[in-house]
Amino acid sequence: MKYVLVTGGVVSGLGKGVTASSIGLILKACGLRVTSIKIDPYLNTDAGTMSPFEHGEVYVLDDGGEVDLDLGNYERFLDIKLTGDNNITTGKIYQSVIDKERRGDYLGKTVQVVPHITDAIQEWIERVAVIPVDGKDGPPDVCVIELGGTIGDIESMPFIEALGQFKYRVGAGNFCLIHVSLVPVLSVVGEQKTKPTQHSVRGLRSLGLTPDILACRSTTELDENVMEKISRFCHVPVDNIITLYDVSNIWRVPLLLREQKAHEAILKVLNLKGVAREPALGEWTSRAELCDKLHEPVRVAMVGKYTGLSDAYLSVVKALVHASVSCHRKLCIDWIAASDLEDEASRENPDKYRSAWKLLKGANAILVPGGFGDRGVEGKIHAARYARANRIPFLGICLGMQIAVIEFARSILRLLDANSTEFDPNTQNPCVIFMPEGSKTHMGGTMRLGSRRTYFQVADCKSAKLYGNQSFVDERHRHRYEVNPDMVQQLEDAGLSFTGKDESGRRMEIVELPDHPYFIGVQFHPEFKSRPGKPSALFLGLIAAATGQLETFLKKGVPKTWGLSNGTSGLKSHRYVNGTKLANGSLDGIYCKGNGIHV
């Protein structure tokens, strides 16, 4: 087994996750089987109880693991299925060691960070690294490990020590350390400054780890003299210094690595040069090129609670991008805080209210993502009502499906107090109720989580056709509340169609309005299984409906890699779109008409 460790220095948010994903992709393109591990030094057992404002979205895996959003990057780039154990946290490690101590496994010894915690970390990595994640038998060839946080963080110290021991343990030729650092350009003098990287590498070396490769983040390509200076002071060969400058879309990052022969440097360190082939990235290059050529916009109104932080809905945004590129449209997301659509906002902040409604009415499609809590719920209901009444393509996910049902009950059945017991425990018309098997005392890991099967009840419906007329589909879930089965018949008699249910037939999974151009709500989260070139069926349907292509899709069927032309490899990555230099300093950035849309 070969290991590639990706660490970060100077500041957080440099794009370690995207870099680690791109490294994994380029190694996979070389013919190697790749898996990934993300180390998060926080004390939480998992990301499940963390606010999206704290840590971005909670990404859900097939096995129900609630993990860091970077595992979503790994799954999307590598088209693999990870497990909850691929996300290591301080909480998980300490819990496992404490459990052993309580069982008496240490035979009376004093339990310490070294060796017990550090050994547990190494054993966890070795155990998880051999789990196949690509659907094939046998262990992967390479495990890409990303260490969260920044070198020097006190929380990371046990992991740094463990990884230093681990490098010695697996031996030379089996471990490659890539350090992602910042080379800022000071606007005053316009000079690329190397001192932050020098200090970062010095700190890393002082902790017992020496980088084999440096990945330097900068707004522009590093000058030769700057690379030579970094090489001299950081003791890294110039050929092993990669410059990760701003590119037009995220899919160009692996191409950037290939152009600078990063794969050759990694393969050399890992003694794999005779085993691996040249990276085959033809389809990936075509997709990146197509993304840059798109000009005709499709506007999607995202009505949510955490619109101030796009990472809170990262997988939803990615799924929209995958679908938009497949439909040959440039995605423009209008972020709308749901509370700004409410009647109360019209009195307290009329400007925000008018602005929010103007964006909603100008959108080609409306999407209400999942969420928890009652803030903004009435605004989401208003958005669903507008989409239903005005025949605007609509997709509701998890809570988005539940509010669509509540809105229908209020408007069509005239049950004016219809609600979810999550928001009104005393409602006389509980359209949405707490799941019977749920826990009301413990938050972490007590929801309905992971991959569950949905059986289509109606063959002639949009969702079934978009999924290729299968009898069932497996999608990932994360919820505590569900549509009240006792109200289903009443809702269906009024025109709502529950086209997908679980194996019991009592849990509603998909709801549609048959006479609407596209109005679908789903209890599951289809965004988690969307991939570049293989967009989620329901997101593809939403964008197709918004751009007048849905009937074509439904008649001809959904191609596996819709929209990709035969492209050429070896494209030069660039930092301009339509002749305009990108203003975004993020590795994961392209701006669309002032909207911070991550592509």
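Throughout, a residue's number is its position along its own chain's written sequence, starting from 1. Selection of residues for local features in this predicted model requires a pLDDT of at least 70, selection of side-chain atom pairs for listing and counting requires 80 or more, and totals for whole chains, interfaces and linings are taken over all residues. Note that water and hydrogens are dropped before the side-chain values are worked out from all heavy atoms of the structure.

### Observations concerning the packing of aromatic side chains
Consideration 1: Two rings from Phe, Tyr or Trp (for Trp, the six-membered ring) form a pair when their centres sit within 6.5 Å of each other. Planes less than 30 degrees apart are called stacked, planes more than 60 degrees apart edge-to-face, and all others tilted. By the definition in use, this model includes twelve aromatic pairs.
Consideration 2: Aromatic pair Phe-77 and Trp-284: ring centres 5.2 Å apart, planes at 55°, arrangement tilted. Of this pair, Phe-77 sits in helix α3 (residues 70-78) while Trp-284 is found in helix α11 (residues 282-293), placing the two residues 207 residues apart along the sequence.
Consideration 3: By relative accessible area, Phe-77 is classed as buried at 7%.
Consideration 4: A network of ring pairs unites the aromatic residues Tyr-3, Phe-166 and Phe-175 as a single cluster.
Consideration 5: Any Lys NZ or Arg CZ that is within 6 Å of a ring centre and within 35 degrees of that ring's normal is treated as a charge sitting over the ring. Taking NZ or CZ as reference, Arg-127 lies 4.9 Å from the ring centre of Trp-124, over its face.
Consideration 6: The positively charged end of Arg-287 is found above the aromatic ring belonging to Trp-251, 6.0 Å away from the centroid. Helix and strand definitions here come from DSSP, where helices need a minimum of 4 consecutive H or I residues and strands a minimum of 2 consecutive E residues; each element is numbered from the N-terminal end. Three exposure classes are used, based on accessible area relative to the maximum for each residue type with a 1.4 Å probe and protein chains only: buried under 20%, partly exposed in between, and exposed over 50%.

### Let's talk about α11
Consideration 1: Across its twelve residues, α11 extends 17 Å between first and last C-alpha, which sits within 8% of the 16 Å expected from 1.5 Å per residue.
Consideration 2: Burial analysis of α11 places nine of its twelve residues in the buried class, which makes it a mostly covered element.
Consideration 3: Every buried residue of α11 is listed here: Trp-284, Thr-285, Ser-286, Arg-287, Ala-288, Glu-289, Leu-290, Cys-291 and Asp-292.
Consideration 4: Looking at the buried residues of α11, the elements they touch are α1 (16-29), α3, α9 (253-259) and α12 (314-326). To estimate the expected span of a helix, count its residues, drop one, and scale the result by 1.5 Å. Residue contacts are defined here by distance: any two heavy atoms, one from each residue, within 4.5 Å place the two residues in contact.

### Here's the deal with the UniProt feature "domain: CTP synthase N-terminal" (unreviewed entry) in the protein chain
Consideration 1: UniProt positions are given in the numbering used here, feature names are shortened, and annotations may be inferred rather than shown by experiment. Listed under "domain: CTP synthase N-terminal" (unreviewed entry) in the UniProt record, and renumbered for this structure, are residues 2-272.
Consideration 2: Taken end to end, residues 2-272 has its terminal C-alpha atoms 9 Å apart, with 41% of it in helix and 18% in strand.

### Structural notes on the confidence of the model for the protein chain
Consideration 1: pLDDT gives the predictor's per-residue confidence on a scale running from 0 to 100. Mean pLDDT for the protein chain: 89, with 91% of residues reaching 70 or above.
Consideration 2: Below pLDDT 50 for its whole length, residues 560-599 participates in 117 contacts with residues either more than four positions away or in separate chains.

### Description of the pairing of strand β1 (residues 2-8)
Consideration 1: Among the seven residues of β1, seven are classified as buried, and the element is accordingly described as predominantly covered.
Consideration 2: By the alternation rule, side chains of β1 split into Lys-2, Val-4, Val-6 and Gly-8 and Tyr-3, Leu-5 and Thr-7, which are all buried.
Consideration 3: One bridge is not enough; two strands pair if DSSP finds at least two bridges between them. Pairing geometry for β1 and strand β6 (residues 142-147), over five bridges, is parallel. Residue Leu-5 lies in a different strand from β6, and its bridge partner there is Ile-145.

### Looking at empty space enclosed by the protein
Where empty space is left can be seen by rolling a probe of water-molecule size over the atoms.
Consideration 1: Think of a 1 Å grid over the protein atoms and nothing else: a 1.4 Å probe that fits but is trapped marks a cavity, an open set flanked by protein within 12 Å on at least five of seven lines marks a pocket, and residues with an atom within 4 Å of a point count as lining. Grid points are joined across faces, edges and corners, and a volume is the space filled by probe spheres set on the points. The final tally for this structure, using the stated rule, is six cavities of 30 Å³ or more.
Consideration 2: Approximately 60 Å³ is the volume attributed to the second largest cavity.
Consideration 3: Of the residues assigned to the lining of the second largest cavity, the class counts are four nonpolar, three polar and two charged. The classification used treats Ala, Val, Leu, Ile, Met, Phe, Trp, Tyr, Cys and Pro as nonpolar, Asp, Glu, Lys and Arg as charged, and all other residues, Gly among them, as polar.

### Thoughts on the sheet that holds strand β13 (residues 330-337)
Consideration 1: Strands sit in the order β13-β12-β14-β15-β23-β22-β21-β18-β19 across an open sheet of nine strands; the sheet is mixed. Pairing within the sheet leaves two strands with one partner each, and these edge strands are β13 and β19 (472-479). With strand direction ignored, the average angle separating the axes of adjacent strands in the sheet is 25°.
Consideration 2: Packing against the sheet, helix α14 (residues 350-361) makes contact with β12 (297-304), β13 and β14 (365-368), and its axis sits at approximately 145° to β13.
Consideration 3: Helix α15 (residues 377-389) rests against β12, β14, β15 (394-397) and β23 (519-522) of the sheet, and its axis sits at about 150° to β14. Axis lines are fitted through C-alpha atoms, for helices just across the contact stretch, and the angle between N-to-C directions can take any value from 0 to 180 degrees.

### Considerations on the pattern of salt bridges
Consideration 1: Any carboxyl oxygen of Asp or Glu within 4 Å of a side-chain nitrogen of Lys or Arg constitutes a salt bridge here. Inspection of the entire model under this criterion finds 32 salt bridges.
Consideration 2: The partner of Asp-105 in a salt bridge is Arg-103, with the nearest N and O atoms 2.9 Å apart.
Consideration 3: Classification of Arg-103 as exposed rests on a relative accessible area of 56%.
Consideration 4: Arg-410 is paired through a salt bridge with Glu-378; the nearest N and O atoms lie 2.9 Å apart. Note that Arg-410 is positioned in helix α16 (residues 399-411) and Glu-378 in helix α15, a separation of 32 residues in sequence.
Consideration 5: Classification of Arg-410 by relative accessible area gives buried; the value is 12%.

### Structural notes on the pairing of strand β18 (residues 448-456)
Along any regular strand, the residues point their side chains to alternate faces of the sheet.
Consideration 1: Sheet analysis places β18 next to β19, joined by eight bridges and oriented antiparallel. Directly across from Tyr-455, in β19, lies its bridge partner Phe-472.
Consideration 2: Inspection of the sheet shows β18 paired to strand β21 (residues 497-501) by two bridges, in the antiparallel sense. When the sheet's bridge partners are listed, Phe-456 is paired in β21 with Gly-500.

### Quick look at a negative patch on the surface
Consideration 1: A surface patch of like charges, here negative, comprises Glu-221, Asp-223, Glu-224 and Glu-228.
Consideration 2: Mapped onto the elements of the fold, Glu-228 is located in helix α8 (residues 224-234).
Consideration 3: A residue is classified by how much of its surface remains accessible, and Glu-228, at 43% relative accessible area, is partly exposed. Each patch is built from residues lacking any salt bridge and having more than 30% relative accessible area; the joining distance is 9 Å for like charges and 5 Å for nonpolar side chains (Val, Leu, Ile, Met, Phe, Trp, Tyr). Only the protein chains shown count as cover for residues, and all accessible areas are computed by the Shrake-Rupley method using a 1.4 Å probe. His residues and chain termini do not enter the charge count, which takes Lys and Arg as positive and Asp and Glu as negative. By convention, the charge on Lys lies at NZ, on Arg at CZ, on Asp at CG and on Glu at CD.

### Here's the deal with the sheet that holds strand β17 (residues 430-434)
Consideration 1: Ordered in space as β16-β17-β20, the three strands form an open sheet in which the pairing is mixed. With one partner strand each, in any of the chains shown, β16 (419-420) and β20 (481-483) form the two edges of the open sheet.
Consideration 2: Relative to β17, β16 runs parallel, the two sharing two bridges. Across the sheet, the residue bridging to Asn-419 is Pro-430, located in β17.

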